[in-house]
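# Structural description and commentary
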Amino acid sequence: MAAPAGVGAPARVGLAATMAGPVSKPVPEGGFIDIPLSEERAAMAKRVIDSKIAVPHYYLSSLIFLDEIMKVREKLNKMLERAKGEEQPSKISLNAFFMKAAALACLRVPEANSFFMDTFVRQNNNVDICLDITTESGMTVAPVVYDAHIKGLSTISQEIRAFVKKAKEGTLLPQELEVSDLTVSFTFRFLRLKIDVVASLI
């Protein structure tokens, strides 16, 4: 029977077209997109690659009870509050204690504060420490606290706070992302008065 006027004949769908499924969208020409790196991402990528390729690695773990450090931190922050007379003074963070402890440990064990230089080992007199900071975008940066071995807890804490702010704003300077003696990153798990700390040192 002929189709009514103005109405086309029903389309015939072949078996091959039925099995093919929906037509895929064309792939953009070139097959990839190059995304420029910021100075922060380029510096961090280079540091990670260099450390993984050129530096021997081994991992240690330790269970540390921080009850006394928590008490000392509370006392110091109260002293700062009275001295500054501010309603919300800058408090000393736990990270400052850990970085200071790592710096003093490097002085006690100078072999841990050394660089392998192909034909010799360079032992550093100063202790410069990076602290891993993860930004909201998921990128990790590691600004350097220079001369951490001679800086006080309050100074280290202030520098860390400033670095966190700059990392979020994307305003860290290249000289703040230079190579350090070691990089410290922390994962915390709080349970009553006990804190398990896992520190990876590169």
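What counts and what doesn't
- Residues numbered from 1 in each chain as written.
- Predicted model: local features only at pLDDT ≥ 70, side-chain atom pairs only at ≥ 80, totals over all residues.
- Heavy atoms only, no water.
- Core = buried A, V, L, I, M, F, W, Y, C linked by side-chain atoms within 4.5 Å.
- Buried < 20%, exposed > 50% of the residue type's maximum accessible area, 1.4 Å probe, protein only.
- Helix = DSSP H or I, 4+ residues; strand = E, 2+ residues; numbered from the N terminus.
- Contact = heavy atoms within 4.5 Å.
- pLDDT = per-residue confidence, 0-100.
- Salt bridge = Lys/Arg side-chain N within 4 Å of Asp/Glu carboxyl O.
- Polar contact = N/O pair within 3.5 Å; in protein donor to acceptor, adjacent residues only side chain to side chain.

### Concerning the nonpolar core
- Within the largest apolar cluster, 25 residues are counted, with the highest numbers of intra-cluster contacts made by Met 99, Ile 129, Val 141, Ile 156 and Leu 182.
- Taken together, the elements giving at least two residues each to this core come down to helix 4 (94-108), strand 3 (129-131), helix 5 (153-169) and strand 7 (182-191).
- When residues of this core are assigned to their parent elements, the largest contribution, six residues, is made by helix 4.
- For Val 141, the contacting residues outside a window of four places in its chain are Glu 40, Met 44, Leu 131, Asp 132, Ile 133, Ala 167, Leu 172 and Leu 177.

### Comments concerning the confidence of the model for the protein
- Predicted confidence across the protein gives a mean pLDDT of 75, with 71% of residues reaching 70 or more.
- In the predicted structure, residues 13-19 sits below a pLDDT of 50 and forms one contact with residues beyond four places in sequence or in another chain.
- Counted against residues more than four places away or in other chains, residues 189-202, with its pLDDT under 50, gives 37 contacts.

### Some thoughts on unusual backbone geometry
- A positive phi angle, close to 55°, is found at Asp 147, a residue other than glycine.
- Note that Asp 147 resides in the loop between strand 6 (144-145) and helix 5.

### Structural notes on the pattern of salt bridges
- Following the criterion strictly, the structure yields five salt bridges and no others.
- We note a salt bridge from Glu 68 to Lys 71, for which the minimum N-O separation is 3.6 Å. Separated by three residues within a single helix, Glu 68 and Lys 71 lie in helix 3 (residues 67-84), roughly one turn from each other.
- Classification of Glu 68 as exposed rests on a relative accessible area of 53%.
- Take Lys 71: its relative accessible area is 47%, and that puts it in the partly exposed class.

### Concerning the side chain of Lys 151
- Here Lys 151 shows up in the loop between strand 6 and helix 5.
- Only 2.9 Å separates the side chain of Lys 151 from the backbone oxygen of Tyr 146, close enough to count as a polar contact.
- Setting aside residues no more than four positions away along its own chain, Lys 151 makes contact with Lys 100, Val 145, Tyr 146, Ile 156 and Glu 159.

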